[in-house]
Amino acid sequence: MAVIEDVRLLGTELERSYQVYVRGRLKFRVKQIVYVAFSLDEREMGFAFPKEERAALVAGEPHKFRLPSASDMRFNWVHADLAALDATEARELVVDAWRMVVPKKVSRAYDLTHPGGPG
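How each quantity is defined
- Residues numbered from 1 in each chain as written.
- Predicted model: local features only at pLDDT ≥ 70, side-chain atom pairs only at ≥ 80, totals over all residues.
- Heavy atoms only, no water.
- Axes fitted to C-alpha atoms, helices over the stretch in contact; angles between N-to-C directions.
- Helix = DSSP H or I, 4+ residues; strand = E, 2+ residues; numbered from the N terminus.
- Contact = heavy atoms within 4.5 Å.
- Nonpolar A, V, L, I, M, F, W, Y, C, P; charged D, E, K, R; others polar.
- Core = buried A, V, L, I, M, F, W, Y, C linked by side-chain atoms within 4.5 Å.
- Buried < 20%, exposed > 50% of the residue type's maximum accessible area, 1.4 Å probe, protein only.
- 1 Å grid on protein atoms, 1.4 Å probe; cavity = no way out; pocket = protein on both sides within 12 Å on 5 of 7 lines; lining within 4 Å.
- Points joined across faces, edges and corners; volume = space filled by probe spheres on them.

Some remarks on the packing of helix H3 (residues 87-99) against helix H4 (residues 104-113)
- Contact geometry for H3 and H4: axes closest at 9 Å, N-to-C directions at 145°. Taken together, the residues of H4 that come into contact with H3 (itself represented by Val-95, Trp-98 and Arg-99) are Val-106, Ser-107, Tyr-110 and Asp-111.
- Considered class by class, the residues forming the contact of H3 with H4 number four nonpolar, one polar and two charged.

Here we look at the nonpolar core
- With 34 residues, the main nonpolar core has Tyr-35 and Phe-47 as its most contacted residues.
- Counting residues per element, the ones that place at least two in this core are helix H1 (5-13), strand S2 (25-30), strand S3 (33-38), strand S4 (44-48), helix H2 (51-60), strand S6 (77-81), H3 and H4.
- The leading source of residues in this core is H3, at six residues.
- Sequence-distant contacts of Phe-47, defined by excluding residues within four places in its chain, comprise Tyr-35, Val-36, Leu-57, Phe-65, Asn-76, Trp-77, Val-78, His-79, Ala-80, Leu-93 and Ala-97.

Some details on the layout of surface pockets
- Here the largest pocket is characterised by a volume of approximately 310 Å³.
- As for the largest pocket, its lining consists of 17 residues, of which Val-34, Ala-37, Asp-72, Phe-75 and Trp-77 are closest to the centre.
- Looking at the lining of the largest pocket, the elements with two or more residues in it are S2, S3, S4 and S6.
- Counting residues per element, the lining of the largest pocket draws most heavily on S3, at four residues.
- Grouping the constituent residues of the lining of the largest pocket by class yields nine nonpolar, four polar and four charged.
- Around the second largest pocket, the lining residues are Leu-9, Leu-10, Glu-13, Leu-14, Glu-15, Trp-98, Val-106, Ala-109, Tyr-110, Thr-113, His-114 and Pro-118.
- Among the elements of the structure, H1 and H4 are those that each provide at least two residues to the lining of the second largest pocket.
- The greatest single-element share of the lining of the second largest pocket, amounting to four residues, is contributed by H4.
- Among the residues making up the lining of the second largest pocket, the classes are represented as eight nonpolar, two polar and two charged.

And the structure:
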């Protein structure tokens with residue numbers, strides 16, 4: 001079972017990333033782009049994810065993932081139940097979401113310094 005503390009430090013250590021609280025909710029940003037956000041009760045994590053792949057992700061593991069609300073379907077976004085994820089999987093989702101909002105050279109530099117992934 002993943003918890004918010006499993007990814008908090010990672011979200012602040014990724015290059016160009018910083019944490020903010022918006023109406024009591026923890027979010028990670030690069031510039032003004034939110035790539036991860038947690039629900040108020042910290043049970044759910046929303047994260048950047050390619051639109052064209054999200055239906056397959058949700059269909060493949062509906063106990064873990066769900067589509068965003070109808071008004072948010074225009075964004076590259078998916079929601080995950082933290083209790084259904086393990087800590088490593090949660091960290092991998094955060095890094096993959098971060099990759100979507102940083103330049104390729106920044107994500108390549110991360111890969112060189114972290115060949116085993118976020119673990």
